[in-house]
Amino acid sequence: MDKMDVEQPASEGADIDYGLYSRQVYVLGADAMKKMSASNILVVGLKGLGVEIAKNIILAGVKSVTLYDPAPAQIADLSSQFFLREEDVGKPRAAASLQRLAELNSYVPVRVLSGELTEEAISKFQVIVLTETPLEQQLRINDITRRLGIKFIVADIRGLFGVAFNDFGNNFVVHDQTGEEPIHGMIAAIEPDGTVACLDEQRHGLEDGDFVTFTEVKGMDSINGESVGPFKVTVTGPYTFRIGDISRFGNGGTGGQFRQVKQPKVLHFLSLRDTLAKPEFLITDFAKFDRPAALHVGFQALHAFTQANGRLPLPRNEADALQVVEIAMQINSKSAEPAELAEGVIKQLSYQARGDLSPMAALFGGLVAQEVLKAASGKFNPIFQWLYFDSLESLPKSVQLTEALCASTGTRYDGSIHVFGREFTQLVRNQRQFLVGAGAIGCEMLKNWAMMGLGTGPEGYVYVTDMDTIEKSNLNRQFLFRSWDLSKQKSTTAAAAVTLMNPQLANHIQAFNDRVGPDTENVFDEDFWLSLTGVTNALDNVDARKYVDRRCVYFCKPLLESGTLGTKGNTQVVVPHLTESYSSSQDPADKSIPMCTLKHFPHQIEHTIQWARDLFEGLFKQQAEEANMYLTQSNYVDQVLSHGGNQKEQLDNIRTALTKKPETFDDCVVWGRLKFEEYFNNAIQQLIYTFPRDSLTSSGQPFWSGYKRAPDPIVFDITNELHFDFVVAAANLHAFNYGIEGSRNVNYFKNAISNVIVPEFEPRSGVRIPVNDNDNVGANSTRDEIEIVAQSLPPREQYGSLRLSPADFEKDDDENFHIDFITAASNLRATNYGIVNADRHKTKLIAGRIIPAIATTTALVTGLVCLELYKMIDGKKDVEDYKNGFVNLALPFLTFSEPIKAQAMKYNDKTFTLWDRFDINGDISLQQLIDLFQKEHGLEITMLSSGVSMLYSSFTVQKPQKLAMPISKVLETTSKKPIPQYVKALVLEMCVNDVSGEDVEVPYARIVIR
């Protein structure tokens, strides 16, 4: 047995490279990553699906990936195999794909296996994935894998159909079924009968059969701790649950916290041979509940046809299709539980058997690669055991599909032509699509488009924009980028990469490095938007998504939306004059942390991390920015005094920044040490002095109870790593603000810190501290106090050209002390309040508001998006033809729903939706506009505006000369700004009365002025 290697450093036993894998570790966890790094994976079959699977698991960071496919590459493979080139036709697929796959991740050795798939060859792997493999070979190999304890996966795609099968052995342990953070909460009491009541009627979120442990319960000390229990939960209501007999722990208790304890689950898989006769399906589309059973028979019939004829059925060949149907009926008749066979579906499976579509490869490549990672790590629920999927709704209705039109043409698009025919494939090639974003989703989308040939036709074009540059953490999932691309522009690099995949994109793709927003409407102007056939968002910013959505509504362009969050993903279709837009509905806003909780009464690590993040901004950014504005703007103090907000704090910051300017790094160390004392000792002493531990509320209840945890001051200990780290980070950041060279020298810091004289602190009487957000204690300073601080500011002239350097928070630079400071500050405050500390990785996730991400979900979601793109290109008009998708690969869960129709509204018996408007050609006068709406639409305009400019109101006297002005002149006069030359039309919002005098909602008006 020969192996061809690309030598690379092995990852077994190596530490996780958080710079590369950080977003993925947030999804999988360090334990799962380490298990994956000990797994050798064999991928059999390197057509489009095989290369997708290999790509995703290489990016994920397994120990090694071995490829097996000695068959020669064919030109039709280029319909979906993005790592083959035209010059590779005739070469063994695996060998031709090796180098490009190996470049994806330097930690993962990639090899080619030659010879036969013998038991000896197979025995070296922990997981085996078969694609493009005959059923007899699948059965033979599965017999071996079950005997050797190797995890076994089969997957195939045939046109718009796909199948996946898992056999992970008799006793496969799932260590974490969902990947969600364990549920935790505060409790009010545990009753003698074992009923647990949550504090302040907070929903516990638990389910029957969950397990929990307890901490800090008073009156039942023996029930506290992870070593006790866990206790099985029986839910009795949204705010209560029972844990059974607790008599051995006492007669009930009060206060404390519960925390969910995840339990392993053991799955017993059957062999492929056994499940062929008795399958268990994962349903993906409940509108097609009977489809999996029919396809289970249909795929077996395809295997039987291929074995009998030595080939797959020909595209749209009726004789071949009838033979497949006959075989399917024979197989079904021998089944103990015959399926309801829809002849039309089985025929479509035969018609499309030679089809090879990039979106389907992306969908199943992401899905199956995640199953490989589950097999290697025991993280998340695997597919048990069969999954079938089809997207027959993507077949075009606008063109004829005949055997002649779907026959091979000897081109790279044959995989598409076999399904969609030549006419529709050419329609795809002539699309003019705009991709907004070239990150993870953008890279996958561009790859799919390149394989589809989208934009490569005579009238076709692809535009992509992204203002970001490539960072190391991008390389784990934005697969078009390599280590040598770091710091390059994403859009330019991605466009160049997909042009190599499909050279026909040359001169048909343009990359921009611009944000899409109001400030770039001169770049993405009216002509640009009107030239497009569609838009696809690949953004992680809601505001940007909403802007693109508004432009698509304005220009009546279809929009494809998608997003991912770890193993979760969603897709949304926006079709002009049919569906609602992206902005029509939105997720509820995230709950904010009450200010008094942040400042004085934290009880979760998220609270202390946010406090530390705010502290970072205040100390190292805002103070420096305010000082710079004072130094550069002679009227800055007047501006501060004329505005609201905490004026005294702003002026105090300026005075402190300038009058206490450090001269040396020693001064910065002193500052950092004193800040430690201020935040983690003195402030806590003052809080406990103001509210002693035995304080009672006005109702006689203990003040320090429930969510309020009595803190303890921390005495600085130079040998404590956390204490030391805070001073080091604080001193270096303070030095950065003032352009002073920092230091990491441990001995220097130990000596410098030891020499700092720390004043004794005495708590003050009369200090008032707010106990809730409605308490305005100390919120406002008197005017006299503010004036005194303003007058005490040093003259700016004495500082000459001094400018401070604000620290703009950057989470992914491990050398800048930003995350070091926030981690140390957060954990010190958590220690004050008896909260379990968080490691640097978790702190970075929360403080940096990082979106967990993994390549598998991204690939799957873009596959779903492109299946909807086919429908848009076909111009389907029924909302039932489209699907919004929702996935969670951890469960696993895939489901689909029809898009919501655009809401219909009325005025004067006329129906309209958000897609309608009043179009007016010509820069008519204000009076003409008023008259036009009165006469033609029966609407009396009572108010007229454009953006923030009020152009007209019926309740104020209007000058005749204004009424006679063209609309453009009215806007320029009101806004006191000229209308840019690239603006060809104005958007006017109106308040109107209908014929009955009632105020009604109407569409906006678009006035073409040029």
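Keep in mind that this is a model prediction, so the values were computed, not measured. (Residues numbered from 1 in each chain as written. Predicted model: local features only at pLDDT ≥ 70, side-chain atom pairs only at ≥ 80, totals over all residues. Heavy atoms only, no water.)

## A short note on the overall build of the protein
For the protein, the helix and strand inventory stands at 30 helices and 35 strands. Relative to a compact globule of 1010 residues, whose C-alpha radius of gyration would be 30 Å, the protein shows 33 Å and is just as compact. Considered along the principal axes of its C-alpha atoms, the protein spans approximately 95 × 85 × 60 Å. Burial analysis of the protein (1010 residues in total) assigns 56% to the buried set. Considering only contacts in the protein between residues 6 or more positions apart, those separated by 24 or more positions represent 73%. Carbon and sulfur atoms form 50% of the exposed surface of the protein, whose accessible area is close to 43400 Å². (Helix = DSSP H or I, 4+ residues; strand = E, 2+ residues; numbered from the N terminus. Rg over C-alpha atoms; globule rule 2.2 N^0.38 Å. Buried < 20%, exposed > 50% of the residue type's maximum accessible area, 1.4 Å probe, protein only. Contact = heavy atoms within 4.5 Å. Areas by Shrake-Rupley, 256 points an atom, 1.4 Å probe, with all protein chains shown as cover.)

## Re the packing of helix α18 (residues 605-632) against helix α25 (residues 818-832)
The contact between α18 and α25 brings their axes to 8 Å, and the two run at 130°. The orientation of α18 relative to α25 falls into the category oblique. In the crossing of α18 with α25, the sense of the turn from one axis to the other is right-handed. Contacts from Ile605, Thr608, Ile609, Trp611, Ala612, Arg613, Leu615, Phe616, Leu619 and Phe620 in α18 reach His818, Phe821, Ile822, Ala825, Ser826, Asn827, Arg829 and Ala830 in α25. Looking at the contact of α18 with α25 residue by residue, the classes come out as twelve nonpolar, four polar and two charged. (Axes fitted to C-alpha atoms, helices over the stretch in contact; angles between N-to-C directions. Parallel < 35°, antiparallel > 145°, perpendicular 65-115°, else oblique. Left-handed = near helix turned anticlockwise from the far one by under 90°. Nonpolar A, V, L, I, M, F, W, Y, C, P; charged D, E, K, R; others polar.)

## Here's the deal with the sheet that holds strand β27 (residues 893-897)
Pairing is mixed in the open sheet, where eight strands are placed in the order β22-β21-β20-β23-β24-β25-β26-β27. With partners counted over all chains shown, the strands left at the sheet margins are β22 (509-512) and β27, one partner each. The sheet shows a mean angle of 10° between the axes of neighbouring strands, taken without regard to direction. The pairing of strand β20 (residues 432-436) with strand β23 (residues 534-537) spans four bridges and is classified as parallel. (Pairing = 2+ DSSP bridges.)

## So, the pairing of strand β4 (residues 110-113)
Across three bridges, strand β3 (residues 64-68) lies against β4 in parallel orientation. If you follow Val65 over to β4, its bridge partner there is Val110. With helix α4 (residues 93-102) bridging β3 and the parallel β4, this β-α-β connection has right-handed handedness. (Right-handed = clockwise from strand over helix to strand, strands pointing away.)

## Remarks on the nonpolar core
Generally speaking, a soluble globular protein has its nonpolar side chains buried in company with each other. Judged by nonpolar contacts, the single largest core of 158 residues is most densely connected at Leu67, Leu101, Phe364, Leu446, Trp449 and Leu480. In contact with Leu101, other than residues within four places in its own chain, are Leu46, Val51, Ala54, Lys55, Ile58, Leu67, Phe83 and Val110. Formed by 72 residues, the second largest nonpolar core is a distinct cluster that contains Leu651, Tyr679, Phe691 and Ala830. (Core = buried A, V, L, I, M, F, W, Y, C linked by side-chain atoms within 4.5 Å.)

## Focus on a nonpolar patch on the surface
A cluster of nonpolar residues, Phe886, Leu891 and Phe893, forms a patch on the protein surface that exposes about 250 Å² of accessible area. Mapped onto the elements of the fold, Leu891 is located in the loop between β26 (884-888) and β27. (Patch = residues over 30% accessible without salt bridge, like charges linked within 9 Å, V, L, I, M, F, W, Y side chains within 5 Å. Salt bridge = Lys/Arg side-chain N within 4 Å of Asp/Glu carboxyl O.)

## A word on the packing of aromatic side chains
Across all of its chains, the model carries 59 aromatic pairs by this definition. Considering the side-chain rings of Phe724 and Phe749, the 6.1 Å spacing of their centres and the 75° angle between planes classify their relative orientation as edge-to-face. With Phe724 in helix α22 (residues 721-737) and Phe749 in helix α23 (residues 746-754), this pair connects stretches of sequence that are 25 residues apart. For the pair Phe724 and Phe749, one class covers both residues: buried. Ring-pair connections join several aromatic residues into one group, and the members of that group are Trp611, Phe616, Phe620, Trp671, Phe676, Tyr679, Phe680, Phe716, Phe726, Phe809 and Phe821. Directly above the ring of Phe896 sits Lys883, whose terminal nitrogen or CZ lies 5.5 Å from the centroid. (Phe/Tyr/Trp six-rings, centres within 6.5 Å; stacked < 30°, edge-to-face > 60°. Lys NZ or Arg CZ within 6 Å of the ring centre and 35° of its normal.)

## A closer look at the pattern of salt bridges
Tallied over the entire structure, the rule returns 50 salt bridges. Among the salt bridges present, the one from Glu216 reaches Arg709, with a minimum N-O distance of 2.7 Å. With Glu216 in the loop between β11 (211-215) and β12 (231-232) and Arg709 in the loop between α21 (665-690) and α22, this residue pair connects regions lying 493 residues apart in the sequence. The partner of Glu677 in a salt bridge is Arg673, with the nearest N and O atoms 2.7 Å apart.

## So, the environment of Thr66
Structurally, the position occupied by Thr66 is in strand β3. Classification of Thr66 as buried rests on a relative accessible area of 1%. For Thr66 and Asp167, which are 101 residues apart along the polypeptide, the C-alpha to C-alpha distance reads 20 Å. When residues no more than four places from it in sequence are discounted, the contact partners of Thr66 are Ile41, Leu42, Val43, Arg111, Val112, Leu113 and Phe125.

## Describing the confidence of the model for the protein
Per-residue confidence for the protein gives a mean pLDDT of 95, with 98% of residues at or over 70. Every residue in residues 1-13 scores below 50 in pLDDT, and together they form 42 contacts with partners more than four places removed in sequence or on other chains. (pLDDT = per-residue confidence, 0-100.)

## Examining a negative patch on the surface
A contiguous patch of negative charge, built from Asp468, Glu471, Asp540, Glu810 and Asp813, is present on the exposed surface. Positionally, Asp813 belongs in the loop between α24 (783-791) and α25. With relative accessibility at 33%, the residue Asp813 sits in the partly exposed group. (Lys, Arg positive; Asp, Glu negative; His and termini not counted. Charge placed at Lys NZ, Arg CZ, Asp CG, Glu CD.)

## Digging into helix α1 (residues 18-28)
With nine of its eleven residues buried, α1 lies for the most part within the structure. Turning to α1, its buried residues number three or more, namely Leu20, Tyr21, Ser22, Arg23, Gln24, Val25, Tyr26, Val27 and Leu28. Looking at the packing, one finds that the buried side of α1 touches α2 (30-36), α3 (48-60), α11 (358-377) and α26 (840-847). A distance of 3.1 Å separates the backbone nitrogen of Gly19 from a side-chain oxygen at the start of α1, and that oxygen is part of Asp17. Gly29 sits one or two residues past α1 and shows a positive phi near 90°. (Polar contact = N/O pair within 3.5 Å; in protein donor to acceptor, adjacent residues only side chain to side chain.)

## Some details on the packing of helix α9 (residues 318-333) against helix α10 (residues 343-351)
Closest axis-to-axis distance for the α9/α10 pair is 9 Å, and the angle between their directions is 125°. In terms of axis orientation, α9 runs oblique to α10. Viewed along their axes, α9 and α10 form a crossing whose handedness is right-handed. Where α9 approaches α10, its residues Glu318, Asp320, Ala321, Leu322, Val324, Val325 and Ala328 are matched on the opposing element by Glu343, Ile346, Lys347, Ser350 and Tyr351. Of the residues assigned to the contact of α9 with α10, the class counts are seven nonpolar, one polar and four charged.

## Some details on unusual backbone geometry
In the segment running from Gly229 into Pro230, the intervening peptide bond is cis, with an omega of 5°. At Glu201, a residue that is not glycine, the phi angle is positive and equals roughly 55°. Mapped onto the secondary structure, Glu201 falls in the loop between β10 (195-198) and β11. Even without being a glycine, His577 presents a positive backbone phi close to 60°. One can find His577 in the loop between β25 (568-574) and α17 (595-599).

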